[in-house]
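So you can see what is in the structure, the chains are spelled out below.
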Amino acid sequence: QVQLVESGGGLVQAGGSLRLSCAASGSILTINSMGWYRQAPGKQRELVASITSGDSTNYADSVKGRFTISRDNAKNTVHLQMDSLKPEDTAVYYCNAIISRFAGTYYNAYWGQGTQVTVSS
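What counts as what
Residues numbered from 1 in each chain as written. Predicted model: local features only at pLDDT ≥ 70, side-chain atom pairs only at ≥ 80, totals over all residues. Heavy atoms only, no water. Pairing = 2+ DSSP bridges. Helix = DSSP H or I, 4+ residues; strand = E, 2+ residues; numbered from the N terminus. Axes fitted to C-alpha atoms, helices over the stretch in contact; angles between N-to-C directions. Disulfide = S-S within 2.5 Å. Buried < 20%, exposed > 50% of the residue type's maximum accessible area, 1.4 Å probe, protein only. Polar contact = N/O pair within 3.5 Å; in protein donor to acceptor, adjacent residues only side chain to side chain. Contact = heavy atoms within 4.5 Å.

(A) Inspection of the sheet that holds strand E1 (residues 2-7) at higher detail. Ordered in space as E1-E3-E8-E7, the 4 strands form an open sheet in which the pairing is antiparallel. The outermost strands of the open sheet, each flanked by one partner alone, are E1 and strand E7 (67-72). In this sheet, neighbouring strand axes are inclined to one another by 15 degrees on average, regardless of whether the strands run parallel or antiparallel. As judged from the 6 bridges shared by E7 and strand E8 (residues 77-82), these two strands associate in the antiparallel manner. The partner of Arg-71 across the bridge, within E8, is Val-78.

Following this line, the structure appears as C-alpha cells:
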C-alpha cells in the first residue's frame, strides 16, 4: 500500500500565502517525480507544478513566479509554497507521485485525497 497525505490548505485573502505539504508512505522503493495538480469547480484537473528526483521543476504558466515546489527525498515529501495568491487559484489541490514499489516493477501514479485552497478577493 502507498499513501499520500496532504496538509496545509485553507482560506486566505488575495495576496496572501499558503504552504502545502504531501508525505508519501508505505511500500516505496523509488519515487520518480512528485507534483501538485488542482481542480476548480467545473474545470478539468490541471498540473500546477512538478519536480523530479533530480530537482528539475516544471510550472504552469499561471503560477510561475508565485509558486515554488520543493521536495525532501529522504522524507518522501513534497511542498508547494504559494505566494501572491489570487482568487483564480481557488481549487482542490492534489498531490501526485510516480512510484515504483518493488525492484523490477514499473512506476505507477498515486494521488492524495486533495486539500481545499480558497482565496477570497
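Back to the text.
(B) Structural detail: the state of the cysteines. Scanning the model with the defined rule gives 1 disulfide in all. For Cys-22, the disulfide goes to Cys-95, at an S-S distance of 2.1 Å. Negative torsions about the S-S bond denote left-handed disulfides, and the value of about -80 degrees found for Cys-22 with Cys-95 makes this one left-handed. Separated by 73 residues along the polypeptide, Cys-22 in strand E3 (residues 18-26) and Cys-95 in strand E9 (residues 91-100) bring together distant segments of the chain. Of the two residues, Cys-22 and Cys-95, both sit in the buried class.

(C) Local environment of unusual backbone geometry. Unusually for a residue other than glycine, Asp-55 sits at a positive phi of about 70 degrees. Its location among the elements puts Asp-55 in the loop between strand E5 (46-51) and strand E6 (57-59). Positive phi outside glycine occurs at Asn-76, with the angle close to 55 degrees. Along the chain, the position of Asn-76 falls in the loop between E7 and E8.

(D) Region of the structure containing the side chain of Thr-115. Within the secondary structure, Thr-115 is located in strand E11 (residues 115-120). Owing to a relative accessible area of 11%, Thr-115 belongs among the buried residues under this scheme. Reaching out from Thr-115, the side chain makes a polar contact with the backbone nitrogen of Gly-9 at a distance of 3.4 Å. For Thr-115, the contacting residues outside a window of four places in its chain are Glu-6, Gly-9, Leu-20, Ala-91, Val-92 and Tyr-93.

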